[in-house]
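The lines below spell out each chain.
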Amino acid sequence: MTIELRPLHDDFGIEILNVDISAGLDDAEFAEIERAVEDYSVVLIKHQNLDDDLQLAFGNRLGELEFDHVTYGRDRRINYVYRIGNIDWDGNHMPASHERVVFSTGNQMWHSDSSFRPAPAKFSISYAYEVTPQGGELEFVSARAAYARLPESIRSTIDDLVVTHDYVFSRSKVSPDAVTPSHAESLPPVPQRLVRTNPVNGKKNYYVGSHARSVEGWSDSDARVLLDDLLDRAIQPECIYSHRWETQDLLIWDNRCVLHHGRPFDADRYRRRMHQIRVTCGCSSMDE
Ligand SMILES: [Fe+2]
């Protein structure tokens, strides 16, 4: 296999061509993909023929799988495949008014997956089964490129700060009772470093998004100004890679250093189904 690379955006992101994961990857081929995720933060591989078992096996090579916090929060059951979109596990189309579809609109806020867990997500791996003809794009920005653009005065202010990430806080913006007591109990707020360093290439980024609630040692109002400013700097229109899904697309992204959000779509009119798995960082960013 000769891997070819095609950039997705000036700041980050790469498409890898000439890869067939279902045919099996040897160690050298797999290492090239893994290295591409570390270096480019978002990797697109199109025209893949996967099922859950193949997707999970691929994820397992990238690291320890993270279980789905929604299923665990609801009934303390371990499940590794998140279903994204408006199709339930029986294949039924859920309308826009369905509580699970309403709940999922929280993903339209810029975020990093599982930043609210003690050991947050390292990589997310999403595979498209059913896509919408319009809307539903997945958009990314690089918090590594955003950190590189910061003036030195801001870098020196934020370098040692610790941020509290809180799922109940972020989902309360969708609705005050969006998170059940059982789910909330399983996800207490956690501290994360504001500035993280990639252990492979040494590149730094800041770690914010919708779950970032407060800054340790700062007033809530000052923290809000800082966190909103950092997010705003990262998500300027020219910084965004907007992915228009096609079926059989596989997207891998590095949650340590990119932020993403889903664009709205007409859930009454269209079906949308992605299966997503995640690989955990294995420890808190505080221990990296
Ligand atoms: Fe997400």
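The sections below set out a description of the structure shown in this document.

Rules and cut-offs
Each chain carries its own residue numbering, running from 1 in the written order of its sequence. Thresholds applied to this predicted model are a pLDDT of at least 70 for local features of residues and 80 or more for the giving and counting of side-chain atom pairs; totals over whole chains, interfaces and linings are not thresholded and use all residues. Helix and strand definitions here come from DSSP, where helices need a minimum of 4 consecutive H or I residues and strands a minimum of 2 consecutive E residues; each element is numbered from the N-terminal end. Here the globule rule reads 2.2 Å times residues to the power 0.38, and the radius of gyration is calculated from C-alpha atoms. Whether a residue is buried, exposed or partly exposed follows from its count of other C-beta atoms within 10 Å of its own C-beta, namely 20 or more, 12 or fewer, or something in between, respectively; the C-beta atoms are built from the backbone. We call two residues in contact whenever the C-beta atoms placed from their backbones are within 7 Å. DSSP-based pairing: two strands are paired if at least 2 bridges between them are found. Lines fitted to C-alpha atoms define the axes here, with helix axes fitted over just the stretch in contact, and angles between the N-to-C directions of these axes take values from 0 to 180 degrees. What a helix should span is 1.5 Å times the count of its residues minus one. Within this analysis, the arc is defined by the directions that extend from the helix axis to the C-beta atoms. One nonpolar core equals one set of buried Ala, Val, Leu, Ile, Met, Phe, Trp, Tyr and Cys residues connected by C-beta atoms within 7 Å.

A few points about the overall build of the protein chain
Assigned secondary structure in the protein chain consists of nine helices and 15 strands. At 18 Å, the protein chain has a C-alpha radius of gyration in line with the 19 Å of a compact globule built from 288 residues. If one aligns the C-alpha atoms of the protein chain with their principal axes, the spans along those axes are about 50 × 45 × 35 Å. Split into buried and exposed, the 288 residues of the protein chain put 35% on the buried side. Long-range pairs, those at least 24 residues apart, make up 82% of the contacts in the protein chain between residues at least 6 apart in sequence.

So, the sheet that holds strand S12 (residues 241-243)
Spatially, S12-S6-S14 is the arrangement adopted by the three strands of the open sheet, whose pairing is antiparallel. Sheet topology places S12 and strand S14 (258-262) at the edges, where each strand pairs with a single neighbour. Within this sheet the neighbouring strands show an average axis-to-axis angle of 20°, counted without direction. Taken together, the three bridges between strand S6 (residues 138-142) and S12 define a ladder with antiparallel strand orientation. Looking at the pairing, Phe140 lines up with Tyr241 of S12.

Considerations on the sheet that holds strand S4 (residues 82-85)
Pairing is mixed in the open sheet, where seven strands are placed in the order S1-S2-S3-S13-S5-S15-S4. The outermost strands of the open sheet, each flanked by one partner alone, are strand S1 (4-7) and S4. Between one strand axis and the next, the sheet turns through 25° on average, direction left out of account. Relative to strand S3 (residues 42-45), strand S2 (residues 14-17) runs parallel, the two sharing two bridges. Directly across from Ile14, in S3, lies its bridge partner Val43. Together, S2, S3, strand S5 (121-130) and strand S13 (250-254) form the strand contacts of helix H1 (residues 27-40), whose direction differs from that of S3 by roughly 135°.

Observations regarding unusual backbone geometry
A positive phi angle, near 60°, is found at His47, a position not held by glycine. Its location among the elements puts His47 in the loop between S3 and helix H2 (52-62). By C-beta crowding, His47 is classed as exposed, having 12 other C-beta atoms within 10 Å. Backbone geometry at Arg76 places phi at a positive 55°, although glycine is not the residue there. Looking at the secondary structure, you find Arg76 in the loop between helix H3 (69-75) and S4.

A short note on H1
Relative to the 20 Å expected for 14 residues at 1.5 Å per residue, H1 spans 20 Å between its end C-alpha atoms, a close match to the ideal helical length. All of the buried residues in H1 are Ala36, Val37 and Tyr40. Looking straight down H1, one finds its buried side chains confined to an arc of 100°; they lie on one side. Exposed and oriented more than 90 degrees from the buried face of H1 are Asp27, Ala28 and Ala31.

Things to note about the pairing of S13
Along S13, five of the five residues are buried, which leaves the element largely enclosed by surrounding structure. Sheet topology places S3 next to S13; four bridges connect them, and they run antiparallel. Residue pairing for S13: Ile45 is matched across the bridge by Leu250. Pairing geometry for S5 and S13, over five bridges, is antiparallel. When the bridges of S13 are listed, Phe123 appears paired with Asp254.

A look at the nonpolar core
In this structure, Val42, Val141, Ala143 and Val258 are the most contacted members of the largest nonpolar core, which totals 50 residues. Setting aside anything within four residues of it in sequence, one finds Ala143 in contact with Asn205, Tyr206, Tyr207, Ala234, Cys257, Val258 and Leu259. Membership of the second largest hydrophobic core comes to five residues, among which are Phe116, Val179, Leu187 and Val190.

Comments concerning the environment of Trp245
Here Trp245 lies in the loop between S12 and S13. Counting along the chain gives 97 residues from Trp245 to Ala148, while the straight-line C-alpha distance between them is 29 Å. In contact with Trp245, other than residues within four places in its own chain, are Ala128, Val131, Gly136 and Leu138.

Considering helix H9 (residues 220-234)
For H9, spanning 15 residues, the distance from its first C-alpha to its last is 21 Å, which sits close to the expected 21 Å at 1.5 Å a residue. The set of residues buried in H9 consists of Leu226, Leu227, Leu230, Leu231 and Ala234. The buried residues of H9 occupy one face: seen down the axis, they fall within an arc of 130°. Turned more than 90 degrees away from the buried face of H9 sit Ser221, Asp222, Val225, Asp228, Asp229 and Asp232, all of them exposed.

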